[in-house]
Amino acid sequence: LAKTTQPISMDSYEGQEVNITCSHNNIATNDYITWYQQFPSQGPRFIIQGYKTKVTNEVASLFIPADRKSSTLSLPRVSLSDTAVYYCLVGDNQTGRRALTFGSGTRLQVQP
Amino acid sequence: DVKVTQSSRYLVKRTGEKVFLECVQDMDHENMFWYRQDPGLGLRLIYFSYDVKMKEKGDIPEGYSVSREKKERFSLILESASTNQTSMYLCASRSLEPFYEQYFGPGTRLTVT
């Protein structure tokens, strides 16, 4: 499984755009990139998933360069409620027989 | 909406007791998972089941076993609870379409005294 590296923590202020980058140098051809968000005392929840270029949904955007060795989760105009831990996962979506590794994630603190 | 439920939110057990943590999902997902989460260590996979009666060890299976007799139910068993198993336990099920997405339960905070 591809190993991921992301910052341990980030700070931001309300209204700013936040970009969290994840490195995955040994990503395989069949691997997808998935981001989860976890609030205190809750289980993680799916935010966004992509394979290449850019994916956007109502919550976030995911930017993936051509070499796919990294990805960036972009949160537009964050609010206090975006304070959470964000996890980057990389793995094969072709079968349901592999578990992906969550790691320690990036703790985002949004200040007023 | 997908629903993953866990039998207890909080549980206190004594060292040496046998502990059962139950997880039920209502979306007919084939894949189910058990994780534990400790401060500073993120989510660590204990066991994974990709189908009924099928299981695979995760990163930290020692001291745990699992049972999956029915598709919707995945049980985590602590054969003889120890204080180092005090943790938050999270269950998840996974869809394969349209996204490879895991749905988590609310968690069980287990304290072993």
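Scroll up a little and you will see the structure.
As a starting point, this report considers the structure included with it. Not measured: the values here are computed from a predicted model.

1. Digging into the overall build of chain A
Step number 1: In terms of helices and strands, chain A carries zero helices and nine strands.
Step number 2: Listing every helix and strand of chain A by position from the N terminus yields β-β-β-β-β-β-β-β-β.
Step number 3: Taken over the C-alpha trace, chain A has a radius of gyration of 14 Å; the compact-globule value for 112 residues is 13 Å, and the two agree within 12%.
Step number 4: Dimensions of chain A along its principal axes, counting C-alpha atoms only, are 40 × 30 × 25 Å.
Step number 5: Sequence-distant contacts, at least 24 apart, represent 56% of the contacts inside chain A between residues at least 6 apart.
Step number 6: Approximately 5,700 Å² of chain A is accessible, and the part contributed by carbon and sulfur atoms is 48%.
Step number 7: A distance of 8 Å separates the average location of the 10 positive side-chain charges in chain A from that of its 8 negative side-chain charges.

2. Comments concerning the sheet that holds strand β7 (residues 64-70) of chain B
Where strands meet in a sheet, backbone hydrogen bonds hold them as pairs that are either parallel or antiparallel.
Residues and elements named next belong to chain B.
Step number 1: With respect to topology, four strands assemble into an open sheet ordered β1-β3-β8-β7, the strand pairing being antiparallel. At either margin of the open sheet sits one strand with a lone partner, and together these are β1 (4-6) and β7. On average, adjacent strands in this sheet sit at an angle of 20 degrees to one another, irrespective of strand direction.
Step number 2: Judged from the six bridges that link them, strand β3 (residues 19-25) and strand β8 (residues 73-78) form a sheet pairing that is antiparallel. Bridged to Leu21 within β8 is Leu76.

3. Structural notes on the packing of aromatic side chains
Step number 1: Within the structure shown, the criterion is met by eleven aromatic pairs over all chains.
Step number 2: Relative to A:Tyr51, the ring of A:Tyr32 lies with its centre 5.2 Å away and its plane at 55 degrees, an arrangement referred to as tilted. One end of the pair, A:Tyr32, is in strand β3 (residues 31-38); the other, A:Tyr51, is in the loop between β4 (45-50) and β5 (53-56), and 19 residues separate them in sequence.
Step number 3: Note on A:Phe102 and B:Tyr35: the rings are 5.5 Å apart at their centroids and 85 degrees apart in plane angle, and the pair reads as edge-to-face. In this pair, A:Phe102 sits in the loop between β8 (84-92) and β9 (106-111) while B:Tyr35 sits in strand β4 (residues 31-38), so the two residues belong to two different chains.

4. Some points on the layout of surface pockets
Take a probe with the size of a water molecule and roll it over the atoms, and the empty space left behind shows itself.
Step number 1: Taken as a whole, the largest pocket holds about 760 Å³ of empty space.
Step number 2: For the largest pocket, the lining is made up of 36 residues, of which A:Tyr87, A:Ser104, B:Gln37, B:Leu41 and B:Gly42 are closest to its centre.
Step number 3: Of the residues belonging to the lining of the largest pocket, the class tally is 16 nonpolar, 16 polar and four charged.

5. A word on empty space enclosed by the protein
Step number 1: Using the criterion set out here, one finds one cavity of 30 Å³ or more in the structure.
Step number 2: When its volume is computed, the largest cavity comes out at roughly 30 Å³.
Step number 3: Lining the largest cavity, in full, are A:Thr34, A:Tyr36, A:Gln49, A:Leu89, A:Leu100, B:Arg94, B:Tyr100 and B:Gln102.
Step number 4: Here the residues of the lining of the largest cavity sort into four nonpolar, three polar and one charged.

6. Focus: the pairing of β5(A)
Taken residue by residue, a regular strand's side chains alternate between the two faces of the sheet.
All names here are of chain A.
Step number 1: With four bridges joining them, β5 and strand β6 (residues 61-64) adopt antiparallel strand pairing. Paired with Lys54 across the strands is Phe63, a residue of β6.
Step number 2: In sequence, β5 turns back onto β6 through a hairpin of four residues.

7. Digging into the pattern of salt bridges
When charged atoms on two side chains of opposite charge get close, those side chains can pair.
Residues and elements named next belong to chain B.
Step number 1: Overall, the coordinates contain six salt bridges over all chains when judged by the stated rule.
Step number 2: For Asp28, the salt bridge goes to Lys71, with nearest N and O atoms at 3.2 Å. Of this pair, Asp28 sits in the loop between β3 and β4 while Lys71 sits in the loop between β7 and β8; the two residues are 43 residues apart in sequence, bridging distant segments of the chain.
Step number 3: Look at the salt bridges and you will find they share partners, linking Arg36, Asp38 and Arg44 into a network.

Calculation criteria
Residues numbered from 1 in each chain as written. Chains lettered and ligands numbered in written order. Predicted model: local features only at pLDDT ≥ 70, side-chain atom pairs only at ≥ 80, totals over all residues. Heavy atoms only, no water. Helix = DSSP H or I, 4+ residues; strand = E, 2+ residues; numbered from the N terminus. Rg over C-alpha atoms; globule rule 2.2 N^0.38 Å. Contact = heavy atoms within 4.5 Å. Areas by Shrake-Rupley, 256 points an atom, 1.4 Å probe, with all protein chains shown as cover. Lys, Arg positive; Asp, Glu negative; His and termini not counted. Charge placed at Lys NZ, Arg CZ, Asp CG, Glu CD. Pairing = 2+ DSSP bridges. Axes fitted to C-alpha atoms, helices over the stretch in contact; angles between N-to-C directions. Phe/Tyr/Trp six-rings, centres within 6.5 Å; stacked < 30°, edge-to-face > 60°. 1 Å grid on protein atoms, 1.4 Å probe; cavity = no way out; pocket = protein on both sides within 12 Å on 5 of 7 lines; lining within 4 Å. Points joined across faces, edges and corners; volume = space filled by probe spheres on them. Nonpolar A, V, L, I, M, F, W, Y, C, P; charged D, E, K, R; others polar. Salt bridge = Lys/Arg side-chain N within 4 Å of Asp/Glu carboxyl O.

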